[in-house]
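# Secondary and tertiary structure notes
Residue strings, one per chain:
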Amino acid sequence: PPRQAEPSGATGLKIGEYACYGSGGRILAGFGFRVLSGNRFTDLEGGNAGSYSVNGSTVVFRGGHLGGQTGRDLRNYNFRIGAQATCEPF
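Description of the structure in this document. On a predicted model such as this, the values are computed, not experimentally measured, just so you know.

## Brief notes about the nonpolar core
The nonpolar side chains of soluble globular proteins are, as a tendency, buried together. Counting residues in each nonpolar core, the largest one holds 16 residues, and the members touching the most others are Leu-13, Tyr-18, Phe-33, Tyr-52, Phe-61, Phe-79 and Cys-87. Every element with two or more residues in this core is listed here: strand E1 (16–21), strand E2 (33–36), strand E5 (58–63), strand E7 (78–81) and strand E8 (85–89). Among residues more than four places away in sequence, those in contact with Leu-13 are Tyr-18, Phe-33, Val-35, Tyr-52, Val-59, Leu-74, Tyr-77 and Phe-79.

## Remarks on the packing of aromatic side chains
What the rule picks out here adds up to 8 aromatic pairs. On the numbers, 6.3 Å between centres and 80 degrees between planes, the contact of Phe-33 with Phe-41 is edge-to-face. With a relative accessible area of 1%, Phe-33 lands in the buried category. Residues Phe-33 and Phe-79 carry aromatic rings whose centres are separated by 6.3 Å and whose planes lie at 45 degrees to one another, so their mutual orientation is tilted. Of this pair, Phe-33 sits in strand E2 while Phe-79 sits in strand E7, and the two are 46 residues apart along the sequence. Every member of this aromatic cluster is reached through a ring pair, and the members are Tyr-18, Phe-33, Phe-41, Tyr-52, Phe-61 and Phe-79.

Rules of the game
- Residues numbered from 1 in each chain as written.
- Predicted model: local features only at pLDDT ≥ 70, side-chain atom pairs only at ≥ 80, totals over all residues.
- Heavy atoms only, no water.
- Core = buried A, V, L, I, M, F, W, Y, C linked by side-chain atoms within 4.5 Å.
- Buried < 20%, exposed > 50% of the residue type's maximum accessible area, 1.4 Å probe, protein only.
- Helix = DSSP H or I, 4+ residues; strand = E, 2+ residues; numbered from the N terminus.
- Contact = heavy atoms within 4.5 Å.
- Phe/Tyr/Trp six-rings, centres within 6.5 Å; stacked < 30°, edge-to-face > 60°.

Okay, here's the thing in structure tokens:
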């Protein structure tokens, strides 16, 4: 069957791996992460576990290697983090 498109207003984070990119589209080593069920995440190797919460278009990370980081402008599973970085599923 054909794959259904994601809803244009999809909110939250999609379970799976995320990559983060800086200016010029360069991947940011150390920022990638894996979203798990139950609002949990780990680094890409499965360590440094933490949790996250979504409030509107903001993602707040607690613990793990992203602890203290806040994503903003969440839309279609993508968000901005830091001064110029973006994160998205891959």
